[in-house]
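# Commentary on secondary and tertiary structure
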Amino acid sequence: MDAISAILDAFHLNASVFERARFCGRWALTHAGGEQASFHLVTDGRCWLDRGDGGEPLALDAGDLLVMPRDAPHRLGPAREIGPAREPERRPLAAGGDGPGLMCGYFGFDEGVRNPILDALPDYLLIRADEGAGNRALHALVGLIMAEAGRDAAGTDAMINRLSDALFIEVVRHYAARAEAPGGLLAGLADPVVGRALQALHARPAQPWTLERLAGEAAASRTVLTARFRATLGVAPMTYLFRWRMQLARRWLREGGTVARVAEDCGYATEAGFSKAFSRHFGVGPGAVRRGRAT
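All of the points below concern the structure found in this document. Computed from a predicted model, the values in this text were never measured in an experiment.

### Focus: the pattern of salt bridges
Side chains that differ in sign of charge can pair as their charged atoms come close. One pass over the structure, following the stated rule, counts 19 salt bridges. With a shortest N-O distance of 3.4 Å, Glu148 and Arg151 are connected by a salt bridge. Taking the relative accessible area as the measure of exposure, Glu148 reaches 10% and is therefore buried.

And the structure:
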């Protein structure tokens, strides 16, 4: 499994759409603070975005996709001058009216907005319709979601949510391919040395890794590997491995894995050594997490 897939699997990507309607009348919505990555897709018409940073509002047109990986403050309205908060008159997307059609949702993860993929993305990621058209996969996904959003058929909500899962993955790919200076995990994956090391760690977390073995996998010296890891990810290779193993351990314990089995799958020779490391990292023992008494 590649690093991006492994991380999405470990953090349980689960997109959900909470709004798909035509917004009519005078309205202004304020969003932020949901502790989830949020997104808005304009299905038709136009609305305006105020990021609250003193800059000029931005027009969002049909097919534009706005993603806020850390649910940054933002306001939406029907005109450049966005007034005080006011609920819109909501109508079905297929209904007539002058207001824009919007589909709004969350890209949910077990840990909220704390994960390496979200950390590598900017606070506001706006993909214009014409930009997305140059990416066939992204363009096709947006088209499918927009078409489904206007339907009222059995399974529509489930279909939109699952398509939104795929949409997040394609947004990450799109950004990684076009960002001039990606940060965090994406910068690490773009570096050939760090990228090889990350793929190895995520593919085989239980292996008894040492810095020397990992450097051999990455085809670099220990010094070069450590320097590049720190430059892109901000931590040493073995620190990254420890944190990744702890994330996997918590997931597997929540799913009912025994402490002994999880310790083995995370590369620990003894259950006692694993329990000590887990408790030091999370502040609770693995048994409490397995029994559902701690998060």
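### Overview of the environment of Leu214
Summarising the element assignment, Leu214 is placed in helix α8 (residues 211–218). Taking the C-alpha atoms as reference points, Leu214 and Leu225, 11 residues apart in sequence, are found 8.5 Å from one another. When residues no more than four places from it in sequence are discounted, the contact partners of Leu214 are Ala197, Leu201, Trp209, Leu225 and Pro237.

### Observations regarding the pairing of strand β1 (residues 14–24)
Strand direction decides the pairing type here: β1 and strand β9 (residues 101–108), joined by 8 bridges, are antiparallel. Across the sheet, Ala15 pairs through a bridge with Phe107, a residue of β9. Pairing of β1 with strand β8 (residues 89–91), which is carried by 3 bridges, proceeds in the antiparallel orientation. Paired with Phe23 across the strands is Arg90, a residue of β8.

### Description of the nonpolar core
With 56 residues, the main nonpolar core has Phe107, Phe168, Phe229 and Tyr240 as its most contacted residues. In terms of residue count, helix α5 (residues 156–178) provides more of this core than any other element does, 7 residues in total. With residues near it in sequence (within four places) discarded, Phe107 still touches Leu13, Asn14, Ala15, Ala37, Phe39, Val67, Ser164, Leu167 and Phe168. Counting residues in hydrophobic clusters, the runner-up holds 13 residues, among them Trp27, Val42, Leu66 and Met68.

### Observations regarding the sheet that holds strand β4 (residues 46–50)
Pairing between the strands of a sheet is mediated by backbone hydrogen bonds and can be parallel or antiparallel. Here we have 4 strands laid out as an open sheet, ordered β2-β7-β4-β5, and antiparallel in their pairing. Two strands close off the open sheet at either side, each with one partner strand: β2 (29–31) and β5 (58–61). On average, adjacent strands in this sheet sit at an angle of 30° to one another, irrespective of strand direction.

Calculation rules
- Residues numbered from 1 in each chain as written.
- Predicted model: local features only at pLDDT ≥ 70, side-chain atom pairs only at ≥ 80, totals over all residues.
- Heavy atoms only, no water.
- Salt bridge = Lys/Arg side-chain N within 4 Å of Asp/Glu carboxyl O.
- Buried < 20%, exposed > 50% of the residue type's maximum accessible area, 1.4 Å probe, protein only.
- Helix = DSSP H or I, 4+ residues; strand = E, 2+ residues; numbered from the N terminus.
- Contact = heavy atoms within 4.5 Å.
- Pairing = 2+ DSSP bridges.
- Core = buried A, V, L, I, M, F, W, Y, C linked by side-chain atoms within 4.5 Å.
- Axes fitted to C-alpha atoms, helices over the stretch in contact; angles between N-to-C directions.

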